[in-house]
Amino acid sequence: MELHLAEEIRKQVDEAFRKRGRVNIVIAGRSGVGKSTLINAVFHGRIADTGQGRPITRETREYTKDGIPVSILDTRGLELGAFKETLTLLEDLVATRAREGDATRHLHCAWMCIGEDSRRVEEGDLEVARMLARHMPVIAVITKARNDQGFRAEVEKLLPVARNVMRVRALLETDDEGHTLHPRGLVELVELTMELVPEAQRNAFAAAQRVSIGQKRKRAHGIVASAAATAAVIGATPIPFADAALLVPTQVGMLAGISSVFGLPLTEAFLSTLVSSVATGLGATFSGQAIVSGLLKLMPGAGSLVGALIAASTATALTTLFGETYIAVLSTLMERRSGELPIEEEVIRAFREELTLRRAAV
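Residues numbered from 1 in each chain as written. Predicted model: local features only at pLDDT ≥ 70, side-chain atom pairs only at ≥ 80, totals over all residues. Heavy atoms only, no water.

The name an unreviewed UniProt entry assigns to the protein is DUF697 domain-containing protein, from the organism Myxococcus landrumensis. Regarding the protein, the relevant UniProt record gives this comment under Subcellular location (unreviewed entry): "Membrane". (UniProt positions renumbered as here; feature names shortened; annotations may be inferred.)

Undergrad: Tell me about the side chain of Gln215, and please be specific about residues and values.
TA: Within the element layout of this structure, Gln215 appears in helix 8 (residues 213-234). Under the relative-accessibility criterion, Gln215 is labelled buried at 9%. Dropping the residues within four chain positions of it, Gln215 is found in contact with Val190, Glu191, Met194, Ala206 and Gln209. (Helix = DSSP H or I, 4+ residues; strand = E, 2+ residues; numbered from the N terminus. Buried < 20%, exposed > 50% of the residue type's maximum accessible area, 1.4 Å probe, protein only. Contact = heavy atoms within 4.5 Å.)

Undergrad: Any details on the pattern of salt bridges? Residues and values, ideally.
TA: Throughout the structure, instances matching the rule amount to 21 salt bridges. Across the salt bridge formed by Arg152 and Glu156, the nearest N and O atoms sit 3.5 Å from each other. A residue pair is termed a helical-turn pair when its members lie 3 or 4 positions apart in one helix, as Arg152 and Glu156 do in helix 5 (residues 151-158) at four residues. Residue Glu156 is classed as partly exposed on the basis of its relative accessible area, which comes to 40%. Salt-bridge contacts for Glu199 lead to Arg219; the nearest nitrogen and oxygen are separated by 2.6 Å. Taken as a pair, Glu199 in helix 7 (residues 199-208) and Arg219 in helix 8 lie far apart in primary sequence, 20 residues in all. Owing to a relative accessible area of 46%, Glu199 belongs among the partly exposed residues under this scheme. Classification of Arg219 by relative accessible area gives buried; the value is 18%. The network of salt bridges with common partners includes Arg30, Arg120, Glu122 and Asp125. (Salt bridge = Lys/Arg side-chain N within 4 Å of Asp/Glu carboxyl O.)

Undergrad: Tell me what's going on with the nonpolar core, and back it up with residues and numbers.
TA: Judged by nonpolar contacts, the single largest core of 36 residues is most densely connected at Leu255, Ile258, Phe262, Leu271, Leu274, Tyr326 and Phe351. Elements that contribute at least two residues to this core include exactly helix 1 (5-20), helix 8, helix 9 (248-262), helix 10 (268-281), helix 12 (312-336) and helix 13 (344-361). Element by element, the count of residues in this core is highest for helix 9, at eight residues. Each residue touching Leu274, except ones within four places of it in the same chain, is listed here: Leu255, Tyr326, Ile348 and Phe351. Among the nonpolar cores identified, the runner-up in size contains 34 residues, and Val33, Ile139, Leu196 and Phe205 belong to it. (Core = buried A, V, L, I, M, F, W, Y, C linked by side-chain atoms within 4.5 Å.)

Undergrad: An account of the packing of helix 8 against helix 12 is needed here, citing residue identities and associated values.
TA: Helix packing geometry: the angle between the two helix axes and the distance between the axes. Relative orientation of the contacting elements helix 8 and helix 12 amounts to 165 degrees, with a least axis distance of 8 Å. Considering the angle they form, helix 8 stands roughly antiparallel to helix 12. The handedness of the crossing between helix 8 and helix 12 comes out as right-handed. Counting all contacts with helix 8, which are made through Ile213, Lys216, Arg217, Ala220, His221, Val224, Ala227, Ala228, Ala231 and Ala232, the residues of helix 12 involved are Ala312, Ala315, Thr316, Thr319, Thr320, Gly323, Glu324, Ile327, Ser331, Met334 and Glu335. Here the residues of the contact of helix 8 with helix 12 are counted per class, giving eleven nonpolar, six polar and four charged. (Axes fitted to C-alpha atoms, helices over the stretch in contact; angles between N-to-C directions. Parallel < 35°, antiparallel > 145°, perpendicular 65-115°, else oblique. Left-handed = near helix turned anticlockwise from the far one by under 90°. Nonpolar A, V, L, I, M, F, W, Y, C, P; charged D, E, K, R; others polar.)

Undergrad: Before we move on, could you go through helix 1 and cite the residues and values that matter?
TA: In this model, helix 1 (16 residues) spans 22 Å end to end at C-alpha, consistent with the 22 Å of a helix rising 1.5 Å per residue. Within the sequence span of helix 1, burial applies to Leu5, Glu8, Ile9, Gln12, Val13, Ala16 and Arg20. Axial view of helix 1: buried residues confined to an arc of 140 degrees, hence all on one face. Structural note: helix 1 exposes Glu7, Lys11 and Arg18 on the side pointing more than 90 degrees away from its buried face. (Expected span 1.5 Å × (residues − 1). Arc of directions from axis to C-beta.)

Undergrad: An account of the confidence of the model for the protein is requested, with residue identities and associated values reported.
TA: For the protein, per-residue confidence averages 83 on the pLDDT scale, and residues scoring 70 or more make up 81% of the total. Taken together, the stretch residues 283-288 has pLDDT below 50 and engages in 18 contacts with residues farther than four places along the chain or on a different chain. (pLDDT = per-residue confidence, 0-100.)

Undergrad: Can you lay out the packing of helix 7 against helix 8 for me, pointing to particular residues and giving the numbers?
TA: Taken N-terminus to C-terminus, the directions of helix 7 and helix 8 make an angle of 130 degrees; their axes are 9 Å apart at the nearest point. Considering the angle they form, helix 7 stands oblique to helix 8. Seen along the crossing, helix 7 lies across helix 8 with a hand that is left-handed. Each of Glu199, Arg202, Asn203, Ala206 and Ala207 in helix 7 lies in contact with helix 8, whose residues at this interface are Gln215, Lys216, Arg219 and Ile223. When the residues that make up the contact of helix 7 with helix 8 are grouped by side-chain class, the tally is three nonpolar, two polar and four charged.

Undergrad: If you had to explain the pairing of strand 5 (residues 109-115) to someone new, which residues and values would you point to?
TA: When you tally the buried positions in strand 5, you get seven out of seven residues, the bulk of the element. Along strand 5, one buried face is formed by Cys109, Trp111, Cys113 and Gly115 and the opposite face, lined by Ala110, Met112 and Ile114, is buried too. Relative to strand 6 (residues 138-143), strand 5 runs parallel, the two sharing six bridges. Residue pairing in the sheet places Ala110 in a bridge with Val138 of strand 6. Tracing the backbone out of strand 5, into helix 4 (residues 123-133) and back to the parallel element strand 6 gives a crossover that is right-handed. (Pairing = 2+ DSSP bridges. Right-handed = clockwise from strand over helix to strand, strands pointing away.)

Undergrad: Outline the packing of aromatic side chains, supporting the account with residue identities and numerical values.
TA: Each aromatic ring pair is described using two quantities: the centre-to-centre distance and the angle formed by the ring planes. Applying the stated criterion to the full structure yields four aromatic pairs. With a centroid separation of 6.0 Å and an interplanar angle of 15 degrees, the aromatic rings of Phe43 and Trp111 are classed as stacked. One end of the pair, Phe43, is in the loop between helix 2 (35-42) and strand 2 (54-57); the other, Trp111, is in strand 5, with 68 residues separating them in the sequence. Looking at Phe43, the relative accessible area reads 1%, which means it is buried. What makes Trp111 buried here is its relative accessible area of 0%. Aromatic side chains Tyr326 and Phe351 sit 4.8 Å apart centroid to centroid with 45 degrees between the ring planes, which places their arrangement in the tilted category. Of the two residues, Tyr326 sits in helix 12 while Phe351 sits in helix 13, which places them 25 residues apart along the sequence. For Tyr326, a relative accessible area of 0% gives the class buried. For Phe351, a relative accessible area of 0% corresponds to the buried category. Grouping aromatic residues by their ring pairs yields a cluster made of Phe43, Trp111 and Phe205. (Phe/Tyr/Trp six-rings, centres within 6.5 Å; stacked < 30°, edge-to-face > 60°.)

This is how it looks when you write it as structure tokens:
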């Protein structure tokens, strides 16, 4: 079977973008509660540092950044004299987006931010939360969490529309006595939000957030399982090794999908270099059959299959090993960087080295 890898890579990059989609989060709250700090702590790219955002109503701005599959709608002016007008414009915006046919334009979840230092929940906060809850799940987020003193329970009582009340501290702080206060609650906020956004937006949310590598891994494991199931179907009728390139589109798509949910800048150039570096590391050439041949050498006892048949069990195991190795490499790199994205050259080098080591160990 002849396989045009460059064309296949282009196709799989487009498909990975389509499957990842986009997630849209509303962040409401009065000025000074730390919304921008929270946004920058949770998401890649310091989105809230990209200027003033794009105005979409008089007091609502939308923050985006190229390559980060999230839009943040920041409501401002909730404490101003024109509050009622601001609230009406916001609800009109939410309802309009909900009616649009494109799910990537819908608003999927809201964080209602209240500062713990104020220890006050204003009537305006309650009105905004009630309005948002009519259209999407709402999480009450107590920011600048330092000393609860029963405030969380009070917020929970006043905001029954909220799915949960989370206390978070976005930054490392030192109090007046010199005690270090580490960031807290961010992973829990991400995990709860992941449960509340629609399934179709979860890959996008996993990719956009930076605080939970575990959520990225979880979504990536699902991509590997799907690819392995497809490989099993391909091998259900054992295929001659000469047709082994049938497996390569599945595996290239798997690499693209994993890269996507980890939040890597997904380009044809990166994926092409990644696949060619894999081939080099396996002692193969940049062709479908040769790559599968190299991968088979990672599996004990599989060498005898060369020139014979590849069965479903072998195709499944091969694809799973390939995908899980890539997940392990990306996880390790991001853990070393405390959640920051590794550069492309670092990913390519580490993946090639890990496959080379695994091949040598067989």
